[in-house]
Every structure is written in C-alpha cells, then in structure tokens.
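Listed below are the residues making up each chain.
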Amino acid sequence: MPATRAAARTAGIRTALATVCLSGTLEDKLAAAAAAGFDGVEVFEPDFVASPWSAGEVRARCADLGMSIDLYQPFRDFDADDPEVLAANVRRADHKFDVMEKLGTDLLLICSSVSPHALDDDDRIAEQLHQLAGRAAERGLRLCYEALAWGRFVNTYERSWDIVRTADHPALGLCVDSFHILSRGSDPAGIAEIPGEKLFFLQLADAPHMTMDVLQWSRHYRLFPGQGAFDLSAFLGHVLTAGYTGPLSLEVFNDVFRQSDPARAAVDALRSLLALQEETADRLSPDARARAGLLELPHPPRLGGHAFVELAVDGGSTGAVERALEALGFARTGQHRSKPVQLWEQGDSRVLLNAGAGRAGASIAALGIETEDAVASTRRAQALLSPVLPRTRGQAEADLSAVAAPDGTSVFFCATGAGERGWRGDFTPTGAGAPDGPPVGITHVDHVALAQPFDHFDEAALFYRSVLGLRPQHSSEVAAPFGLVRNRTVSDQAGAVRIGLSVSVLRRGTEWQPGVTDPQHVAFACPDAVAAARAARAAGAPLLDIPDNYYDDLDARLAPPPSLLAEMRELGVLYDRDADGEFLHFYTEILGGRLFLEVVQRIGGYAGYGELNSPVRMAAHRRQRAASASGRRDT
Ligand code: MG
Ligand code: MG
C-alpha cells in the first residue's frame, strides 16, 4: 500500500510498532509494519533471538523498508541486592549494547525488577541505573526505565520517575507505558509535569476493563487504542503536554492478534494511532497541539441514517427473502438499470436484493450510509486506511464510493436526498405499491448486526467507529446456547446509524456446530411491534416461534401488563425494559443459511437491543433449522 504509507509518513509525529504486537517471525513483522506505513519499530528481543538474520541484516532490512529501530526491549531484572548478580546483569547489558550497536538503535528499555534480588531502595536503584547509563553513554546509547504494573517494588510511574530523577544521568530517561499506568488506576495527569526531555519513550496500549491479575491482563488482553476502555486520548494529552517528542509506539500483547494475519493487524494498529491523534488533538491546548504535530483527519460528516441495506441472494435464497420482505410489508419498487438488483421499500427503509453478488445463500453485502458529504466521508475513510472499492458502473449511474470493512461488508456513502442524481436514480420504478392487508408499519432501519470473523472483531469495531465517526455504545457478553458471544455496538449521537458487532469469545470447533455460523440480521423500526407482528403473521411471514417458558419467566421478571403479555406470547414478540424505556421485538426464521430479519419498537429512551433475549432466539433458530433439515420446511 504505497499511497497509504506515504500519507502516514508525512505526519508530524512519528509512529512505531513493537514487533511483539504481530503474529509471525521477525521477517513477517517488519514487512507488515512497513507495508502499513509505520515509521519505526521496537524490536522485541525474543523476535530477534529467534531470527536467522544477524543484527546487521535486521538493520539493513529496516533501512530498505524505510523504518527506524526506535527501541530494543526488554531488559529485565537489572537492579540487584547482590554484587555478583549485579555484575552478571552488567555483563548481560554489555552484550545487549553490542547487539544495539549492530542494530543501529540507541535506546534500551529497562523494566523494573520482579527478581528475588530486586532492591526496595530507590537510592541504590538510582545509583545502579546511573552506573549503567554511564556505560551506555560511553557507547552513545541511552536507557529508558519503565515501571511494570507488577514490578516487585517499583510498579508506579511516580516511583520510576523519582528514581530516574535521583539517578540524574543524561543517558537515563523514563518510558511511560499506558497499560502499566492505567491498569493500576494511577492518575496520569502527573506525567504532564515531567520534563519532556526526560520522557525517552512512550508505549501505548488499550485494554478492556477486567478484574483479574494485572500480569495476565497485560499479557493476553491488551488492545490497540480505541479498542478498549482506557482513556488514551487524555493519557496521550498529558504526555504531549509534557513536551514528549518521540514516536507514538504501540506495545500490545493480545492472544488474537498474535495469531492473525500480521499485514492486517499492522493496518489496524496504524489506524488506531491515526484515530487517537484526532481524539487527542481535541483535548490539547492550541499551543500543545501545534507543538505536537498531530495528524489531522477530515472531520466525520453528520450521518442521516441507513440509506439502504444490500442483501446478496442466490437462486436458493431469493424466493425466501422476497416472501419474507413482502409479508413484512415491503414493496418491490425498483429494478436496477444494469444489474440484477431489486429495490424493496417501506417507509424510509430500503433493501436491495442483489442476485449478482456471487455469494451463496443470503447475507448482508453492503450498508448504504446516508451522509451530508459523501466526498468528505470517503476522504476520511481513505485517511483511515480503508480500502476504497473499485466500482463498475454503467452510463448515467450514480457515482457511489464504497470502502471495504474488515468483515468484507461494503460501506457506501450516499445522499438519498439527492433524488434522481443519487443512487435511487439507478433504479427504474416498477410502479408497485404496498402489499395488500393491514400495514406492518415499518418506518426505517433501526440497526444492522454483523457477526465478525474471530480474528477481526476488535479491528472491525475500531473501523466502524473511526471511519464513520461513531461512538461505542456498549459491550456485553451473552451466555448463548452454543458458547459465549461478545457484542459491541456503535452508533452516532442521534442513534440514526446503529451497527452491532458480535463474535464468539472462543474460536469455534469444527465438529459440533449447531448454531448459525456467522449470523447477520437487519432490524427494522416500527411504532407498534404487536400490531406489526399480527399483520406480518397474517401475511404469512416466517416468524420465529418463542417458547412459553420465556413468557413465564418474563412475567416473573418484568411483569408486563397481562393483556400485553398474552399478545406477545401469542405472536412471538419479545420484550425488554430498562431505566430509560421499553423494547418490543420479533424475528423471522433464518433465511438462506445465516440471515434473519427483526422488527423492533423502542419506547421512551431505550437504547439497547434486547440482548438478554438473544439466547432464546438462538435456541429457537436452532429448533427451526433442525425442523427444516428434517424436511419440514425449506428456508
Ligand atoms: Mg511496556
Ligand atoms: Mg437486533
């Protein structure tokens, strides 16, 4: 991706990636980091030790790739209460200095000690570090000292800074790592008071909130900025306010990233740093902002909602999807001028059925997002390293730009209000009106839910959030019948665009797979879900049957009015309530392998998705599919 790389490297502030973030060998990792557009890397020692390349060859390779080596890491357990141990540690350091000279990097990370020989005496640690810094300085090298959150005695940045200040050597500075600082709940505001020239290095990592051993938390669950729960823009703001001028470097240990495609993970990583710079700039004083040289992205234009959802269908699924749409009150209003694509509409909800996508079954192929400025949306997406999709279009067809999301969904930026000039002008009206029967009353698309490939869940959440300028809404874990499912939703401020992402918490096996693989759904909003369900059932919609046990439990938990409970039980409508309002919803059966439709009614300020009900839905889908498989019904 040469264009991407050039764009990233014109930024004022430099970016770096620790090789430990990525899967593969050192050779794989360097190639991936360079292709994504990083300016430099931290060489993680075990990656180097396992590499067949000499330090000189690694240096040459990085030079060829146009990347610097900004740090060699980690050097553990240096300070010691025993002169013999200390002497051995100094000897070990001298060997690493040899490696660093050959690598062409001048900075070594020294972690606070976890050794039984660790000192609990800051003056002595400072003295030992001072001596080591002297040896490093003789060779033109420098050291940065990092407090591990689980360091035996030194485990806060305040204490590591006291030691560095006491040691008082120009070749000794501090490394601040957002994980070690934020995981302990330390207030990072004090970093702003540290002289910028003593901040030798910055390592950034996000993480989800967890209550667990901090070492395990760090080794398995770190995330790229924007993917977890830490306030990293505030953190980075303090570091930049202090006057730090080194690279923004990512150090993320994550079980999934360690086994996923390094080229993709590196792009995801760089995207996280671009989005973080934007978020941080908003929180800095104008002075600090100008000094830091943060990259600016095109602002996210205001979004107007889901312009359309495009479903890919094939010969086996088209009939079932058409029948379901019709029974839900949709009319086939348009036929694409040059492609096998139909437009179905009801209210402001629009569904495209694309029979030419070449995908098996039925699935969500594309999201049309309404934006006030499609050009600006596309520019922003490009700046955030999204692949822009090539379009084949006929004469007089609307020029729609689309980018590819990590799960393969195309995201189109469109202005529905543009009328004939917009995408709707590509469709010849059929003249068809609403189907007969009582109206179902669907008004618009409420949300779209996409199961994510196991390797790309966090990447996808950051993609949708940053590219579309959405906010993370909530995360949850549901104990589903076939394994834990993790959900995350993002939406715009007004709730016009809502996207739900889900993933199995553990990678699925291959033999016992009773659940729907990678389910997707489109949820339509209506003002009266009970009336909608009644009308849809009367029209023959393939609605999902919900077991009586659910309604007995619902009565026990939330005690909806008895008449409402009876209607919901009769029609298969589910229910949820929270402090802000109520939620009624119902589902179709699975259509074409993995897709289903949902109709929802939001009452008051309810902003959730009825996720509590999803295990019931999953079990019902399993029952329906088992019945279909035994030949009762073809979906
Ligand atoms: Mg670190
Ligand atoms: Mg839903």
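Sequence positions are assigned chain by chain, starting from 1 and proceeding in written order. Key to labels: chains lettered from A, ligands numbered from 1, both in the order written. For a predicted model such as this one, the threshold for reporting local features is a pLDDT of at least 70, and the threshold for listing and counting side-chain atom pairs is 80 or more; totals across whole chains, interfaces and linings nevertheless cover every residue. Excluded from the side-chain calculations are hydrogens and water; all other atoms, namely the structure's heavy atoms, are used.

Each domain span listed reflects an automatic or database assignment of domains. As far as domains go, the protein chain holds domain 1 (15-292) and domain 2 (303-629). Centre-to-centre, using C-alpha coordinates, domain 1 lies 43 Å away from domain 2. Summing both partners gives a buried area of about 1600 Å² for domain 1 against domain 2, and 52% of it is carried by carbon and sulfur. A 1.4 Å probe defines the accessible area here, and the buried area is the portion of it lost by two parts on being joined, summed over both. In terms of surface lost to domain 2, no three residues of domain 1 exceed Gln 227, Arg 264 and Arg 271, which account for 39% of the buried area on that side. Basic side-chain nitrogens of Lys or Arg form a salt bridge, by our definition, when they fall within 4 Å of a carboxyl oxygen of Asp or Glu. Applying the counting rule to domain 1 against domain 2 returns three salt bridges. Nitrogen and oxygen atoms within 3.5 Å of one another constitute a polar contact, given that in protein one can donate a hydrogen and the other can accept it, and given that sequence-neighbouring residues count only through two side-chain atoms. Here domain 1 and domain 2 share eight residue pairs in polar contact (both at pLDDT 80 or more) between them. Asp, Glu, Lys and Arg are counted as charged, while Ala, Val, Leu, Ile, Met, Phe, Trp, Tyr, Cys and Pro are counted as nonpolar; the rest, among them Gly, fall into the polar class. Of the residues that constitute the side of domain 1 that touches domain 2, the class distribution is eight nonpolar, five polar and five charged.

So, on to the sheet that holds strand β23 (residues 581-587). In spatial order, the strands read β18-β19-β20-β17-β21-β24-β23-β22; together these eight strands make up an open sheet with mixed pairing. Looking at strand neighbours, the two that pair on one side only are β18 (471-480) and β22 (574-578), the edges of this open sheet. The average undirected angle you get between the axes of adjacent strands in this sheet is 20°. One requirement defines pairing of two strands: DSSP has to find at least two bridges between them. Secondary structure follows DSSP: runs of H or I at least 4 residues long count as helices, runs of E at least 2 residues long count as strands, and numbering of each begins at the N terminus. Of the pairings in the sheet, the one linking β22 to β23 comprises five bridges and is antiparallel in character. The partner of Arg 577 across the bridge, within β23, is Glu 582. Only heavy atoms enter the contact rule, under which two residues are in contact if any of them lie within 4.5 Å. Axes, fitted as lines to C-alpha atoms, cover a helix only where it is in contact. Angles between the N-to-C directions of the axes lie from 0 to 180 degrees. Taken strand by strand, helix α19 (residues 614-629) contacts β18, β19 (483-491), β22, β23 and β24 (595-604), and its axis lies near 55° from that of β18.

So, on to the packing of aromatic side chains. Any Phe, Tyr or Trp ring, taking Trp's six-membered ring, that has another such ring centre within 6.5 Å forms a pair; planes under 30 degrees apart are called stacked, those over 60 apart edge-to-face, and the others tilted. Scanning all chains against the criterion turns up 15 aromatic pairs. Geometrically, the ring pair formed by Trp 217 and Phe 230 is edge-to-face, given 6.1 Å between the ring centres and 65° between the ring planes. In this pair, Trp 217 is assigned in helix α9 (residues 214-221) and Phe 230 in the loop between α9 and α10 (232-241), connecting sequence segments 13 residues apart. Accessibility expressed as a relative area gives 6% for Trp 217, which makes it buried. Relative to Phe 412, the ring of Phe 308 has its centre 5.9 Å away and its plane inclined at 50°; by these criteria the two rings are tilted. Pair noted here: Phe 308 is in strand β9 (residues 303-312) and Phe 412 is in strand β15 (residues 410-414), with a separation of 104 residues, a long-range link. The same class applies to Phe 308 and to Phe 412, which are both buried. As a reminder, the over-ring test applies to NZ of lysine and CZ of arginine, requiring each to be within 6 Å of the ring centre and within 35 degrees of the ring normal. Over the aromatic face of Tyr 587 sits the side chain of Arg 617, whose NZ or CZ is 5.4 Å from the ring centroid. Only protein chains enter the accessibility calculation, which uses a 1.4 Å probe; a residue is then buried when its area is under 20% of its type maximum, exposed when over 50%, and partly exposed in between.

Next up on the list: the pairing of strand β4 (residues 107-111). The buried fraction of β4 is high, at five of five residues. The two faces of β4 match: Leu 107, Leu 109 and Cys 111 on one face and Leu 108 and Ile 110 on the other face are all buried. Relative to β4, strand β3 (residues 68-75) runs parallel, the two sharing two bridges. Note on β4: the bridge partner recorded for Phe 75 is Ile 110. Handedness of the crossover joining β3 and β4 through helix α5 (residues 83-103) is recorded here as right-handed. Strand direction decides the pairing type here: β4 and strand β5 (residues 142-146), joined by five bridges, are parallel. By the bridge assignment, Ile 110 is partnered in β5 with Tyr 145. The parallel pair β4 and β5 is bridged by helix α6 (residues 122-138), and the resulting crossover is right-handed. Throughout, right-handed denotes a crossover for which the path from the first strand over the helix to the second runs clockwise when the strands point away from the viewer.

Right, let's get into the pattern of salt bridges. One pass over the full model with this rule turns up 30 salt bridges. With a closest N to O distance of 2.7 Å, Glu 278 and Arg 380 form a salt bridge. One end of the pair, Glu 278, is in helix α11 (residues 262-281); the other, Arg 380, is in helix α14 (residues 374-383), and 102 residues separate them in sequence. Arg 380 shares its class with Glu 278; the two are buried. When the shortest N-O distance is used, the salt bridge between Arg 302 and Glu 372 registers 3.4 Å. Here the residue Arg 302 occupies a position in the loop between α12 (286-292) and β9, and Glu 372 occupies one in the loop between β13 (363-371) and α14, the gap between them amounting to 70 residues. Side by side, Arg 302 and Glu 372 carry an identical accessibility label, which is exposed. A single network of salt bridges, built from pairs that share partners, joins Glu 345, Asp 348, Arg 350 and Arg 424.

A word on the packing of helix α4 (residues 55-65) against α5. Viewed as axis vectors pointing N to C, α4 and α5 meet at an angle of 35°, and their least axial separation amounts to 7 Å. Relative to α5, α4 is oriented so that their crossing is right-handed. On the side of α4, the interface is formed by Ala 55, Gly 56, Val 58 and Arg 59, while α5 contributes Val 99, Glu 101, Lys 102 and Leu 103. Here the contact of α4 with α5 is composed, by residue class, of four nonpolar, one polar and three charged. Less than a right angle of anticlockwise turn of the near helix away from the far helix marks a crossing as left-handed, whereas a clockwise turn marks it as right-handed.

So, on to unusual backbone geometry. Cis geometry is found at the peptide bond from Gln 73 to Pro 74, where omega equals -10°. Checked against the element boundaries, Pro 74 lands in strand β3. For Leu 385, which is not a glycine, the phi torsion comes out positive at approximately 65°. Structurally, the position occupied by Leu 385 is in the loop between α14 and β14 (401-404). Leu 385 sits in the buried class, given a relative accessible area of 7%. We note that Asp 518 has phi near 50°; this positive angle belongs to a residue other than glycine. Checked against the element boundaries, Asp 518 lands in the loop between β20 (498-504) and β21 (520-525).

Time to look at the pairing of β21. Each regular strand displays side chains that alternate between the two surfaces of the sheet. Counting buried positions over the six residues of β21 gives six, a clear majority of the element. Burial along β21 is two-sided: Gln 520, Val 522 and Phe 524 facing one way and His 521, Ala 523 and Ala 525 facing the other are all buried. Pairing analysis gives six bridges linking strand β17 (residues 444-451) to β21, with the strands arranged antiparallel. In the strand pairing of β21, Leu 450 is matched with Gln 520. As judged from the six bridges shared by β21 and β24, these two strands associate in the parallel manner. Within β24, the residue paired with Gln 520 across the bridge is Leu 595.

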